[in-house]
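Overview (structure and organization)
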Amino acid sequence: MDTPQLQEALNRTFDDEHARIVFWNDPEREFGETLGELALPGVTVVDLEKVAALELKIRLERDDPEGRYLLYSAGEEPDYEKDWLLDIRLYSKSFRADRASILLAELGLARPQMREHISRRRKFLDSKDRVRKLKALVEPNDDEITLDRKMLAVLAKASQPDLFNIVRTLFHSMVEAGELDLDQVPSSWAPIEKFELDEPFWQLVSSTFGYQEESASLRNLLIRLFVADYLFHSVKEPPVALQSLLLPRSGQHNAVTCLSEWRDSSSKASSYNSLSAEVGARLHLAGLLENLEAEDVLDVMTFSEVERAIVRSLLARVGPAEGATAEGVLRITSHRLAGHWVTSASVPEAQRRALESIYVAIAQAAEFFELRKRYQQGFDFADATAMYKSYEAELYRFDQLHRQFCWNADRAAAQGWDLLKPLRAEIEAAYRNGYLTQLGLAWGKFVESGLLQKWRLSEVPNQFEFYSRQVDAQLGKSDRNRVFVIVSDALRFEIAQELTTLLNGTYRFEADLSSQLGVLPSYTALGMASLLPHERLEYSANGDVLVDGKGTTSFEQRNAILGTVGGMAVRAGELLDLKKEEGRALVEGRRVVYIYHDEIDARGDKAATEDGTFDAARKAVDDLADLVRHVINHLNGNHVLITADHGFLFTESAPNETDKSALTEKPAGTIVAKKRYLLGRGLPDSMEAWHGRTADTARAEGGMEFWIPKGANRFHFIGGARFVHGGAMLQEIVVPIVTVKHVRDKGAREKTRSRSVHVQVLGLRPKITAPRHRFELLQTEAVSDRTKAITLKVAVYEGETPVTSIETVTFDSSSDSLNDRKKSVVLTLQERPFDKKIAYRLVLRDSETGIEQGSVDVIIDRAISDDFSL
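Below you will find a few notes about this structure. (Residues numbered from 1 in each chain as written. Predicted model: local features only at pLDDT ≥ 70, side-chain atom pairs only at ≥ 80, totals over all residues. Heavy atoms only, no water.)

In terms of helices and strands, the protein carries 32 helices and 31 strands. Over its C-alpha trace the protein gives a radius of gyration of 40 Å, far above what one expects of a compact globule, namely 29 Å for 870 residues. For the protein, the spread of C-alpha atoms along the three principal axes comes to 140 × 65 × 50 Å. The buried share of the protein, taken over its 870 residues, is 54%. (Helix = DSSP H or I, 4+ residues; strand = E, 2+ residues; numbered from the N terminus. Rg over C-alpha atoms; globule rule 2.2 N^0.38 Å. Buried < 20%, exposed > 50% of the residue type's maximum accessible area, 1.4 Å probe, protein only.)

Quick look at the nonpolar core now. Core analysis: the largest hydrophobic core is formed by 208 residues, its most contacted members being Phe201, Phe209, Tyr594 and Ile642. In this structure, phenylalanine 201 is in contact with Leu152, Leu163, Ile166, Val167, Leu170, Trp189 and Leu218, ignoring residues within four places of it in sequence. Counting residues in each nonpolar core, the second largest holds 22 residues, with Val757, Val761, Ile768 and Leu829 among its members. (Core = buried A, V, L, I, M, F, W, Y, C linked by side-chain atoms within 4.5 Å. Contact = heavy atoms within 4.5 Å.)

Once that is clear, we can look at the sheet that holds strand S24 (residues 772-779). Across a sheet, paired strands are connected by hydrogen bonds in the backbone, their directions being either parallel or antiparallel. Strand order in the open sheet formed by 3 strands is S22-S24-S29, with antiparallel pairing between adjacent strands. In this open sheet, the two strands that pair with only one neighbour each are strand S22 (759-761) and strand S29 (822-828). On average, each strand axis in the sheet is inclined to that of its neighbour by 35°, with strand direction left out of account. As judged from the 7 bridges shared by S24 and S29, these two strands associate in the antiparallel manner. Note that in S29 the partner of leucine 777 across the bridge is lysine 823. (Pairing = 2+ DSSP bridges. Axes fitted to C-alpha atoms, helices over the stretch in contact; angles between N-to-C directions.)

Turning our eyes to something else, we now look at the packing of aromatic side chains. Scanning all chains against the criterion turns up 32 aromatic pairs. Ring centres 5.3 Å apart and planes at 85° place the aromatic pair tryptophan 262 and tyrosine 272 in the edge-to-face group. With tryptophan 262 in helix H13 (residues 249-264) and tyrosine 272 in helix H14 (residues 269-282), this residue pair connects regions lying 10 residues apart in the sequence. Here tryptophan 262 matches tyrosine 272 in class, with each residue buried. Between tyrosine 396 and phenylalanine 493 the ring centres are 5.7 Å apart and the planes differ by 75°, which places this aromatic pair in the edge-to-face class. Of the two residues, tyrosine 396 is situated in helix H20 (residues 384-413) and phenylalanine 493 in helix H23 (residues 493-503); the sequence distance between them amounts to 97 residues. (Phe/Tyr/Trp six-rings, centres within 6.5 Å; stacked < 30°, edge-to-face > 60°.)

Okay, unusual backbone geometry next. Leave glycine aside and you will find that most residues have negative phi; peptide bonds, for their part, are mostly trans. In the segment running from leucine 520 into proline 521, the intervening peptide bond is cis, with an omega of -5°. In this structure, glutamate 196 takes a positive phi of about 60° despite not being glycine. For glutamate 196, the location among the structural elements is in the loop between helix H9 (190-194) and helix H10 (198-209). One non-glycine residue, glutamate 459, lies in positive phi territory at about 65°. Within the fold, glutamate 459 resides in the loop between helix H21 (421-451) and helix H22 (466-475). Judged by its relative accessible area of 71%, glutamate 459 falls in the exposed class.

Counted according to the given criterion, the structure contains 52 salt bridges. Residue arginine 132 pairs with aspartate 129 through a salt bridge whose shortest N-O separation is 2.4 Å. Of this pair, arginine 132 and aspartate 129 both sit in helix H6 (residues 128-135), 3 residues apart, which is roughly one turn of that helix. Residue aspartate 129 is classed as partly exposed on the basis of its relative accessible area, which comes to 34%. Among the salt bridges present, the one from lysine 619 reaches glutamate 599, with a minimum N-O distance of 3.8 Å. (Salt bridge = Lys/Arg side-chain N within 4 Å of Asp/Glu carboxyl O.)

Counting buried positions along strand S20 (residues 734-742) yields 8 of 9 residues, so the element is predominantly enclosed. Pairing geometry for strand S12 (residues 639-643) and S20, over 5 bridges, is antiparallel. Bridge assignment links isoleucine 642 to a residue of S20, and that residue is valine 738.

In space, the 6 strands of this open sheet follow the order S6-S20-S12-S5-S11-S10, with mixed pairing throughout. Each edge of the open sheet carries a strand with a single partner, namely strand S6 (509-517) and strand S10 (567-571). On average, adjacent strands in this sheet sit at an angle of 20° to one another, irrespective of strand direction. Taken strand by strand, H23 contacts S6, S12 and S20, and its axis lies near 165° from that of S6. In the packing of helix H25 (residues 555-563) onto the sheet, contacts are made with S10 and strand S11 (592-597), and the angle to S10 comes to roughly 155°.

Turning next to the layout of surface pockets. Volume-wise, the second largest pocket comes out at about 580 Å³. Lining the second largest pocket are 26 residues, with Asp489, Thr524, Ala525, Asp605 and His725 positioned closest to its centre. When contributions to the lining of the second largest pocket are tallied by element, the ones reaching two or more residues are helix H24 (524-530), H25, S11 and strand S19 (723-724). Top element by residues in the lining of the second largest pocket is H24. It accounts for 3 residues. (1 Å grid on protein atoms, 1.4 Å probe; cavity = no way out; pocket = protein on both sides within 12 Å on 5 of 7 lines; lining within 4 Å. Points joined across faces, edges and corners; volume = space filled by probe spheres on them.)

This brings us to H25. Residues of H25 that are buried include every one of Phe555, Arg558, Ile561 and Leu562, and no others. For H25, the angular spread of the buried residues around the axis is 120°, confining them to a single face. Buried residues along H25 sit against H24, strand S8 (545-547), strand S9 (550-551), S10 and S11. (Arc of directions from axis to C-beta.)

A few words on the packing of helix H16 (residues 305-315) against helix H17 (residues 326-337). Here H16 crosses H17 at 165°, and the two axes come no closer than 12 Å. Taken together, the axes of H16 and H17 are roughly antiparallel relative to one another. Judged by the twist between their axes, the crossing of H16 over H17 is left-handed. Counted together, Val306, Glu307, Ile310 and Leu314 of H16 and Val329, Ile332, Thr333 and Arg336 of H17 form the full contact between these two elements. Counted by class, the contact of H16 with H17 contains 5 nonpolar, 1 polar and 2 charged residues. (Parallel < 35°, antiparallel > 145°, perpendicular 65-115°, else oblique. Left-handed = near helix turned anticlockwise from the far one by under 90°. Nonpolar A, V, L, I, M, F, W, Y, C, P; charged D, E, K, R; others polar.)

What follows is about the packing of H17 against helix H19 (residues 349-374). Between H17 and H19, whose axes approach to 9 Å, the crossing angle comes to 170°. What the angle tells us is that H17 and H19 run roughly antiparallel. In this structure, H17 uses Ala326, Val329, Leu330, Thr333, Arg336 and Leu337 to contact H19, whose residues at the interface are Glu356, Tyr359, Val360, Ile362, Ala363, Ala366, Glu367 and Glu370. Its residues assigned to classes, the contact of H17 with H19 shows 9 nonpolar, 1 polar and 4 charged.

Attention shifts here to the environment of arginine 832. You can see arginine 832 is positioned in the loop between S29 and strand S30 (840-846). For arginine 832, a relative accessible area of 31% corresponds to the partly exposed category. For arginine 832 and arginine 862, which are 30 residues apart along the polypeptide, the C-alpha to C-alpha distance reads 9.3 Å. Those residues in contact with arginine 832 that sit more than four places away from it in its chain are Glu798 and Val803.

Further remarks concern the environment of threonine 780. You can see threonine 780 is positioned in the loop between S24 and strand S25 (787-788). On the basis of relative accessible area, threonine 780 is assigned to the partly exposed category, the value being 28%. When the C-alpha atoms of threonine 780 and phenylalanine 164 are compared, they prove to be 36 Å apart, with 616 residues separating the residues in sequence. The contacts of threonine 780, once residues within four sequence positions are left out, are His758, Gln760 and Arg821.

The following block contains the structure:
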């Protein structure tokens, strides 16, 4: 003990404890020479061996009753009957300068009996740095076990001095070192053994988790914690291979809460993932999961291998001949999509996205087959208008689900998940043979029974009326109005529906989806021309489409035509590259701006790149949303229209001979021959094709006629043959119109703000009386374009410390029924003492932001400890 330490301890006794007289007995005679070096302001130091007891007593009590004195004796305290200063000693303070006593005071420990324990921990306390760190954690009434736990926290470098945190930190260090080997003791364990805290550690582990072994090890503890978490959430009886690794039930509860906090840790969840994989491999988990159903391990988040087992189980029940309902599959996929292996930032992004894509793809497949079953008898409609309207309302979902499934399957396959291959083949077969073929036959009956000669449907505008109905009508409302038209080549109706949903989730935007009957043949030159302002469409002698006698093939020609109505054309990429001021200058004074976008057709219509059609569709949605934001936010656009020249057909598998309409040679009069259409004059009729006139289907004069294959067939397979357009299938001629408005009125604008659904806890002040408790939660409103799903992390807290497992729940129901929007979450309580008078809190936190979304007070009354669980 050096002089500064002595001075600090003595000053604390006089000043902080307000002592007037302090007795200091030094039986080892260690500090006699130090007395003269002490600087104790206002304190008189007296050596008891040099002053008579009676003289000192008179001085202290009569001559100087207010003075402060340090009374030093190089010996033990005398027995009561021999102590002349006993009466003074009894109302004064005693001071011990031994290391344990000094530390007892320095740490602020109030219990003198802790002096002996501190002496036993001398090795640990021999460092000023360790003492400083320990002091920040100590409470006055800490006992021996609590002090040891806090010393362990210092050595392990745990952020908090609770055992869960210490254990997680030790395991985290096994991964942090860089070489993951469960058989190697981590370097962070060495200080614990060095300072003789290994025995207290295992005692704490035993009392908390119930783990006891003659040769206890971190490896074996880790394995048992993971096994406990896995078995606790599994509904099956423990397999024989794991029974020897079981922890007691009370220890299992603590293992569950410890591991749930570990998975939830932003700083340590990465080590959980690595160690989970190691433990799973040692347990030969893949074999244990082989014959389990998804429901058996639905709540198990312990191992990523469980995801493969659930995926295999779902795949076995999703298909054209299987009986799984889409609702049942969605319930499972939604639960897993909210789980650790999909949502945690500690999991590599590519792995998370792949797993997310697999579950979304399976859900989409289930919905596809359920939709297919509703139309198992075919597509039977009273007339063409009814069938067209049905495609707008529901049938487009076949194309959308097929596309989205394939896109998600591609994303999963890119990360090595090939489990979807058989399901993908079934989806493709059902789409081609069960949907496209039957849809083509049903729609073909209307096409060949007069629709081709009178290309018009009740309450459905024609594409060649687009400018007059959609653009000119808006301009006519005010001289100040301006219209932006985005023309996206081959934007299919179902892709536009996805875009509309995205835009309707954007603040200050309102988007509405409608459609128009596309021109025939449904190819770019005719579709693009029909969208321009015109009095007359016609064909030139060589097959070019003219607008009021002017060419329309090139971008420059369309720009010139738009210039006649005070408008202009611009390419999407070039517009987005302009700065705000440059863009505004470009469109200054223009009442009509056509923005040409080409992503889908540019990739799909080439043999080398048609594989990327669905990826192009996904990118097109993002591109078009960016374009709308740019127009509204940077160019002061208030009215935006998004449309297309035509749609398209696409199949994953290449067409075969049965998809080919026999066309041994081009008929006389042919001018243009493509896979899905043939243009010419004076064409004969054919049994293999529908024969029509562009004057009927596009109001394009010039005597042009066409052949188009029946249904989804092609004339030939030269070049790319999976992406096609030009024919009369609904996918090609239901041309979307997305009308986007910039909401300016403050009141209306607030209604466009997106927000998450609200979730509330059912019941008043819940009481927890068992190790597991089920809470009922209600999603108070349905998910919609502007009311988004939310994923919550749910747990009971004491202050900011969770006292239960942390569970993740997603609320994504779009049902109008309150019962459908109820969900329950089961929380596992730590096995430790609780005070029923304390108001604990059930907290709902947004899993992405960590922001608290709601809370309720909870009573924990575990008067009787039992093993009852839900």
